[in-house]
Amino acid sequence: MTQNRGKQSRNTAPKKESGRAKRSRLIRWAWAVVYIPVGLLALVLALTAVGAFGKLPTFEELENPKSALATEIYSEDGKVLGSFFIENRSNVEYDELAPSLVAALVATEDSRYYSHSGIDFISLARVAVKTLVGGDSSQGGGSTITQQLAKNLFPRGINSASTSIGRKLKLVRSKFKEWIVAVKLEHNYTKDEIVAMYFNTMDYGSNAVGIKSAAQTFFGKLPSELSIQESAVLVGVLNATTRYSPVRNYDNAIKRRNLVLSRMQVHGSITKAQYDSISALPIELNYRPISQNEGMAQYLRGMIRQVMTAREPQRRNYWSEYDYKYELERWHNNPLYGWCHKNKKPDGSNYNLDIDGLKIYTTINSVMQTYAEEAVVSELAKTQKAMDAQVRATKQLFVDTTPEQREKIIRNAMRTSDRWREMKNDGYTNDQITASFDVPCKMRIFTYTGIKDTVMTPHDSILHHKRIMRGSFMAVEPQTGHVKAYVGGPNYRYFKYDMAKQSKRQPGSTIKPFIYTFAIDHLGFTPCTMVPNLPVTIETYTGEPWTPKEAGKVEYTGELKPLKWGLANSRNNYSAWIMKQAKQPEAVADFIHNMGVRSFIDPVYALCLGSSEVSLFEMTGAFATFANHGVNIEPIFVTRIEDRQGNLLASFVPTSNDAVSEETAHTMLGMLQNVINAGTGGRLRWQYGFRGEMGGKTGTSQENRDAWFIGVTPKLVAGVWVGAEDQSVHLTRGGEGSQRALPIFGEFMKRVYANPRLGIYETDSFGVPPTRLYYNCEENHEQLSAPTITEDDEFFD
């Protein structure tokens, strides 16, 4: 038995494995190690591709990825005036990128970009080995440019997972999705298109999304204009927009830029000599963070938004039936008014200025706009000095007001402030909010010498900003109605209320040219119709006599003077005399409407002195009728709108009407020139030295509350208003239109005439026969005797 067991034992002992068999077994294990993970990975990717772990972007979504694009507003000369945005993003094409931008990106983020199809397995293997084996977590995720683009276009959204394990699992699933989306992107787009899309979707910090916004914000350039070192800075900041911001962390930005440059050298994009010289350079910024409160033509941009996003007027929102009917007429007849609600996108939704990436082309000339903004601020600074001196001398800001009236003004300002609204939303009581206005705090305030950091109470801040003098300006091309420059105030961040179009004020004597036009066009008078220089009294509808007073010290000599003298010297008695001949104020009001002033004109005799409130926008447009041979063209500021692909969505042309005859318009041009040559607008001759054909009219409302001037030249008509937000704040002396508003026009035109590229010259002519433009009343006896006026009916009261 023992022998048998021993034999059995010897027979069952393991045989020694041959070398060949061992190799075969190792190969099988190796294949298992490779194929099982690859198979599992393929299975997971297949499940991901069919949506087992969530929806993937469709082909249509890949072809047209949705991203919030800023709407850009362009000047007529191709400058970007500003934009509307949630994210300040604007797209560029690949050929609009500087070559150094592409080189810096590829060298830094994805050196094998042009050799893979969306996923760089070599990089993934490197990361896996160094992270999993070596424990080096600094290797990142090995994401390619295409994968990063996939993440930007279709964000992961992993924050909703409730646990750390849940977030990790969701991250893994999202990573698989990115791989698939990256491959699809590579299939649908060229490498160049992917690079352009990448640059367009990245956030560079400082409210700049997309390379176009970043280049403009940090360097004031287009992407195609960036230098090698500027490209390296912007590519470097992508890794961490705050840590490597050249504004907030300059030293970190230098190190990061030089790292990008070194990788460009290794990649062969730049030479060693280039690296050595560029890396030694400082970062020179032209930092202009883009804000909807900053930039050029802020008030125009605000007005465009207001007009385009307006909703159909409702009667409950208007004080008068007249205003409601007028706005309703605009809604139906003006295609730009409410455009975002009147027009639908292909998917049936309304257009959104903040995310739809529209391109709005305006009539604004960027050079003239700059001149206008400079002229308004520089001249308002002088007016502000006069106001400050008046307040120091009188210890009073609100003129001729009771304590109760002043308290009401301040209370209303408090209740309409951001502070009041925010505290109210947070649940504070009215008493608590009111008390907070007496607590000093840090703040920034506007002054004409710059924005000031200070500590004061919000109550005192209200008083300070009530004291700031405001102004508005608009220039229009009379032959086309195109608005060339538009300024609604001195600073949009602090004073958003648009004093050019939203605000309506009494125009004072700037209304008088329309009264004289009525006299010539409807009553048959001429500039040489003689009128006695005497007070005029008119019996009103109530039976009460009305005798207008003159501004300043005026002597009634009884001497016969021609009508053109009355306009040139802005005499109230001459305007009243015309109204007395007209007999029907309603007819005069309708005539003024037909000239282009659309606001309600109260049909009373006092309308001849500017008693009704109107806007600078409509007054300037109406004055342009004179320079356009009697044809009124409603001012227009947008010519066309395109979508983000450049397809035309809408185009706009102005409306026009024959307001007066060409002969009447030419006659009025002569009378308006006489205002400049021998009347209240003479400062334009003796101070500014203008010698060309130029007309205009000054205006001052009661107690110097509003100062106006509207100037007329052959190719440009410009209007100016100066005043304060509250009408109880005004200059008691020296606040006339000739002193406060006219100089803004003068400074603007001085700049315009000095720039020959604008095509506007002092030698420009109205194209009017001299006999029509220059009436010599002493020599023209025929005009002196026509029409015949009896003393009892016309001259004396």
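Rules used in this analysis
- Residues numbered from 1 in each chain as written.
- Predicted model: local features only at pLDDT ≥ 70, side-chain atom pairs only at ≥ 80, totals over all residues.
- Heavy atoms only, no water.
- Helix = DSSP H or I, 4+ residues; strand = E, 2+ residues; numbered from the N terminus.
- Buried < 20%, exposed > 50% of the residue type's maximum accessible area, 1.4 Å probe, protein only.
- Areas by Shrake-Rupley, 256 points an atom, 1.4 Å probe, with all protein chains shown as cover.
- Axes fitted to C-alpha atoms, helices over the stretch in contact; angles between N-to-C directions.
- Parallel < 35°, antiparallel > 145°, perpendicular 65-115°, else oblique.
- Left-handed = near helix turned anticlockwise from the far one by under 90°.
- Contact = heavy atoms within 4.5 Å.
- Nonpolar A, V, L, I, M, F, W, Y, C, P; charged D, E, K, R; others polar.
- Pairing = 2+ DSSP bridges.
- Patch = residues over 30% accessible without salt bridge, like charges linked within 9 Å, V, L, I, M, F, W, Y side chains within 5 Å.
- Salt bridge = Lys/Arg side-chain N within 4 Å of Asp/Glu carboxyl O.
- Phe/Tyr/Trp six-rings, centres within 6.5 Å; stacked < 30°, edge-to-face > 60°.
- Lys, Arg positive; Asp, Glu negative; His and termini not counted.
- Charge placed at Lys NZ, Arg CZ, Asp CG, Glu CD.
- pLDDT = per-residue confidence, 0-100.
- Polar contact = N/O pair within 3.5 Å; in protein donor to acceptor, adjacent residues only side chain to side chain.
- Expected span 1.5 Å × (residues − 1).

Points about the overall build of the chain
Part 1: Each helix and strand in the chain was counted, giving 32 helices and 18 strands.
Part 2: Burial analysis of the chain (797 residues in total) assigns 49% to the buried set.
Part 3: For the chain, the exposed surface amounts to about 38800 Å²; the carbon and sulfur share of it is 52%.

A word on unusual backbone geometry
Part 1: The phi torsion at A297 lies on the positive side, around 55°, for a residue other than glycine.
Part 2: Counting through the fold element by element, A297 comes out in the loop between helix 12 (272–279) and helix 13 (298–308).
Part 3: Judged by relative accessible area, which is 0%, A297 ranks as buried.
Part 4: For S570, which is not glycine, the phi torsion reads 55° and is therefore positive.
Part 5: Within the secondary structure, S570 is located in the loop between helix 22 (563–568) and helix 23 (572–582).

Quick notes on the packing of helix 10 (residues 228–237) against helix 11 (residues 250–267)
Part 1: The contact between helix 10 and helix 11 brings their axes to 8 Å, and the two run at 110°. Looking at the two axes, helix 10 sits roughly perpendicular to helix 11. Handedness of the crossing formed by helix 10 with helix 11: right-handed. Within the contact between the two elements, helix 10 uses I228, Q229, A232, V233, V235 and G236 and helix 11 uses R256, R257, V260, L261 and M264.
Part 2: Here the residues of the contact of helix 10 with helix 11 sort into seven nonpolar, two polar and two charged.

Quick notes on the sheet that holds strand 16 (residues 695–700)
Part 1: The sheet built from five strands is open, its strands ordered 7-6-18-17-16 with antiparallel pairing. Where the open sheet ends on each side, the last strands, each with one partner, are strand 7 (483–487) and strand 16. Taking each pair of neighbouring strands and ignoring which way they run, the sheet shows an average axis angle of 10°.
Part 2: Two elements, strand 6 (residues 469–476) and strand 7, share four bridges in a ladder whose sense is antiparallel. Paired with F473 across the bridge in strand 7 is V487.

Regarding a nonpolar patch on the surface
Part 1: Taken together, the side chains of V247, L285 and Y287 define a hydrophobic patch exposed on the protein surface, amounting to about 210 Å² of accessible area.
Part 2: Take Y287: it is sitting in the loop between helix 12 and helix 13.
Part 3: By relative accessible area, Y287 is classed as partly exposed at 32%.

Some thoughts on the packing of helix 11 against helix 12
Part 1: As a packed pair, helix 11 and helix 12 sit with axes 9 Å apart at the nearest point and diverge in direction by 170°. If you check the angle between helix 11 and helix 12, you find them roughly antiparallel. On helix 12, the residues that touch R257, N258, L261, S262 and Q265 of helix 11 are K272, Y275, I278 and S279.
Part 2: Among the residues forming the contact of helix 11 with helix 12, the class breakdown is three nonpolar, four polar and two charged.

A short note on the packing of aromatic side chains
Part 1: Counted according to the given criterion, the structure contains 25 aromatic pairs.
Part 2: Ring geometry for W339 against Y351: centres 4.9 Å apart, planes inclined by 35°, an arrangement best described as tilted. Placement of the pair is W339 in helix 15 (residues 339–342) and Y351 in the loop between helix 15 and strand 3 (359–362), with a sequence separation of 12 residues. Each member of the pair, W339 as well as Y351, carries the same accessibility label: buried.

Quick word on the environment of P635
Part 1: Within the secondary structure, P635 sits in the loop between strand 12 (631–633) and strand 13 (638–642).
Part 2: Classification of P635 by relative accessible area gives buried; the value is 13%.
Part 3: Residues P635 and V476 lie 159 residues apart in sequence; the distance between their C-alpha atoms is 7.1 Å.

Considerations on a negative patch on the surface
Part 1: The grouping of E93, D95, E96, D192 and E193 at the surface amounts to a negative patch.
Part 2: Residue position: E96 is located in the loop between strand 2 (80–84) and helix 4 (99–109).

What about the confidence of the model for the chain?
Part 1: Taken residue by residue, the chain gives an average pLDDT of 86. The fraction at 70 or more is 83%.
Part 2: Across residues 1–10, confidence stays below pLDDT 50; counting only partners more than four residues off in sequence or on other chains, it has zero contacts.
Part 3: pLDDT under 50 marks residues 134–140. Its contacts with residues more than four places away, or in other chains, come to 10 contacts.

Digging into the pattern of salt bridges
Part 1: On inspection of all chains with the given rule, the structure shows 25 salt bridges.
Part 2: One salt-bridge network, in which partners are shared between bridges, spans E374, E747, K750 and R751.

Considerations on the side chain of N533
Part 1: Looking at the secondary structure, you find N533 in the loop between strand 8 (530–532) and strand 9 (538–539).
Part 2: N533 gets classed as buried once you look at its relative accessible area, which sits at 3%.
Part 3: Here N573 takes part through its side chain, which lies 3.3 Å from a polar atom of the side chain of N533.
Part 4: Setting aside chain neighbours within four positions, we find N533 in contact with E555, Y556, T557, G558, E559, W565, R571, N573 and Y574.

Observations concerning the pairing of strand 7
Part 1: With respect to burial, strand 7 is a largely interior element, five of its five residues being buried.
Part 2: Counting the residues that bridge the hairpin from strand 6 to strand 7 gives six residues, and of these G481 lies at a positive phi of roughly 80°.

Here's the deal with the sheet that holds strand 13
Part 1: One open sheet accounts for five strands, arranged 2-1-3-13-14; its pairing is mixed. Edge positions in the sheet fall to strand 2 and strand 14 (648–651), since each has one partner strand and no second. Adjacent strand axes in the sheet meet at a mean angle of 20°, parallel and antiparallel pairs treated alike.
Part 2: When strand 1 (residues 71–74) meets strand 3, the two strands line up parallel, connected through three bridges. Note on strand 3: the bridge partner recorded for I73 is I360.
Part 3: Each of strand 1, strand 2, strand 3 and strand 13 touches helix 13; the most contacted strand, strand 2, lies at about 45° to it.

Here's the deal with the environment of S615
Part 1: One can find S615 in the loop between helix 24 (585–595) and helix 25 (616–627).
Part 2: In this view, S615 contacts A500, K501, S503, K504, S599 and W708; residues no more than four positions away in its chain are not counted.

A few points about helix 16 (residues 366–394)
Part 1: Taking 1.5 Å of rise per residue, 29 residues should cover 42 Å, and helix 16 covers 42 Å from first to last C-alpha, within 8% of that figure.
Part 2: Between the side-chain oxygen at the start of helix 16 and the backbone nitrogen of V367 there is a gap of 3.0 Å, and the oxygen is on N365.

Focus: the pairing of strand 18 (residues 717–724)
As a general feature of sheets, a regular strand has side chains that alternate between the two faces.
Part 1: Most of strand 18 sits inside the fold, with eight of its eight residues counted as buried.
Part 2: Side chains V717, G719, W721 and G723 project from strand 18 onto one buried face, and the interleaved A718, V720, V722 and A724 project onto a second face that is buried too.

Let's talk about helix 24
Part 1: Listed in full, the buried residues belonging to helix 24 are P585, V588, A589, F591, I592, H593 and M595.
Part 2: Where helix 24 is buried, its residues meet helix 14 (321–333), helix 21 (512–522), helix 23, helix 25 and strand 12.
Part 3: The positive-phi residue at the C-terminal boundary of helix 24 is G596, with phi of around 125°.

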